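# Survey of secondary and tertiary structure
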Amino acid sequence: KAGVTQTPRYLIKTRGQQVTLSCSPISGHRSVSWYQQTPGQGLQFLFEYFSETQRNKGNFPGRFSGRQFSNSRSEMNVSTLELGDSALYLCASSGLGQGGSWQYFGPGTRLTVL
Amino acid sequence: QQQVKQSPQSLIVQKGGISIINCAYENTAFDYFPWYQQFPGKGPALLIAIRPDVSEKKEGRFTISFNKSAKQFSLHIMDSQPGDSATYFCAASKSNTGNQFYFGTGTSLTVIP
């Protein structure tokens, strides 16, 4: 099976712009989670989608949003970008409906905000 | 606040030695504890995971030890190899609420040949 894919791999934006990142989970996986990884804060959970519904949400401002499509592909959007949003954004998919299951991470999208 | 605390921040081990990374948690509702390995430029990869009903789980050279009463768990890498040099993260989740994972801050492991 193909792994989790994320596009684009690299992005450079300026403050105030918005950005959309895409994630394609492993075929058959219905749970998709998003994480922000920074050197200072480590891996921080953004949100999880399961069957097109947001199931969990982390402590990020409303500028961070996401959605999931019927084919389980997911997008996350960040509006009004700030310098502090520069990070590696990781997507992870899981094949089991319940929690506590193996999560497979994509390579991430490296976002730089200037 | 950090839900999962990880130590040490960095670790240097000789080839063939044992690498030990420790994590502690506060929330007793956590019931799933995975460890991830991350190489530069890659996403984290699941190594091994444990649930609180067992005290130890071993897969190859990797072993998780779990102490429920102390709310601590650790990763032991036996016969450490230079190829094990990576950043390791522990994590925890409440499986009945989905896949929201709380990660430790990571340990950078260097195995010296």
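Heads up: the structure comes first, above all this text.
Residues numbered from 1 in each chain as written. Chains lettered and ligands numbered in written order. Predicted model: local features only at pLDDT ≥ 70, side-chain atom pairs only at ≥ 80, totals over all residues. Heavy atoms only, no water.

### A closer look at the overall build of chain A
The helix and strand tally for chain A stands at zero helices and eleven strands. Going from the N terminus to the C terminus, chain A shows its helices and strands as β-β-β-β-β-β-β-β-β-β-β. Radius of gyration (C-alpha) of chain A: 13 Å, near the 13 Å computed for a compact globule of 114 residues. Across its three principal axes, chain A shows a C-alpha extent of roughly 40 × 25 × 25 Å. A total of 114 residues make up chain A; the buried ones form 51% of that total. (Helix = DSSP H or I, 4+ residues; strand = E, 2+ residues; numbered from the N terminus. Rg over C-alpha atoms; globule rule 2.2 N^0.38 Å. Buried < 20%, exposed > 50% of the residue type's maximum accessible area, 1.4 Å probe, protein only.)

### Some points on the nonpolar core
By size, the foremost hydrophobic cluster in this structure holds 24 residues, and its most contacted members are Phe33(B), Trp35(B), Phe73(B), Leu75(B), Tyr88(B) and Leu109(B). Broken down by secondary-structure element, the contributors of at least two residues to this core are strand 2 (10–14), strand 3 (19–25), strand 4 (33–38), strand 5 (45–50), strand 7 (62–67), strand 8 (72–77), strand 9 (86–93) and strand 11 (107–112) of chain B. With four residues, the single largest contributor to this core is strand 9 of chain B. Among residues more than four places away in sequence, those in contact with Leu75(B) are Ser19(B), Ile20(B), Ile21(B), Trp35(B), Leu47(B), Ile48(B), Phe62(B), Thr63(B), Ile64(B) and Tyr88(B). Core analysis: the second largest hydrophobic core is formed by 21 residues, Leu21(A), Ile26(A), Leu46(A) and Met76(A) among them. (Core = buried A, V, L, I, M, F, W, Y, C linked by side-chain atoms within 4.5 Å. Contact = heavy atoms within 4.5 Å.)

### Comments concerning a nonpolar patch on the surface
Residues and elements named next belong to chain B. Among the surface-exposed residues, Ile-18, Ile-20 and Met-78 lie close enough to one another that they form a single nonpolar patch of about 230 Å² accessible area. Within the secondary structure, Ile-20 is located in strand 3. On the basis of relative accessibility, which here comes to 36%, the residue Ile-20 falls in the partly exposed class. (Patch = residues over 30% accessible without salt bridge, like charges linked within 9 Å, V, L, I, M, F, W, Y side chains within 5 Å. Areas by Shrake-Rupley, 256 points an atom, 1.4 Å probe, with all protein chains shown as cover. Salt bridge = Lys/Arg side-chain N within 4 Å of Asp/Glu carboxyl O.)

### Section: the state of the cysteines
Using the criterion set out here, one finds two disulfides over all chains in the structure. Linked covalently through their sulfurs, Cys23(A) and Cys91(A) form a disulfide whose S-S length is 1.7 Å. The chirality of the disulfide connecting Cys23(A) with Cys91(A) is left-handed, given an S-S dihedral of about -50°. Here the residue Cys23(A) occupies a position in strand 3 (residues 19–24), and Cys91(A) occupies one in strand 9 (residues 87–94), the gap between them amounting to 68 residues. Through a disulfide, Cys23(B) is tied to Cys90(B); the S-S separation comes to 1.9 Å. Between Cys23(B) and Cys90(B), the disulfide has an S-S torsion of -95° and is therefore left-handed. Taken together, the residues span a long stretch of sequence, with Cys23(B) in strand 3 and Cys90(B) in strand 9 at a distance of 67 residues. Owing to a relative accessible area of 3%, Cys23(B) belongs among the buried residues under this scheme. We classify Cys90(B) as buried; its relative accessible area is 0%. (Disulfide = S-S within 2.5 Å.)

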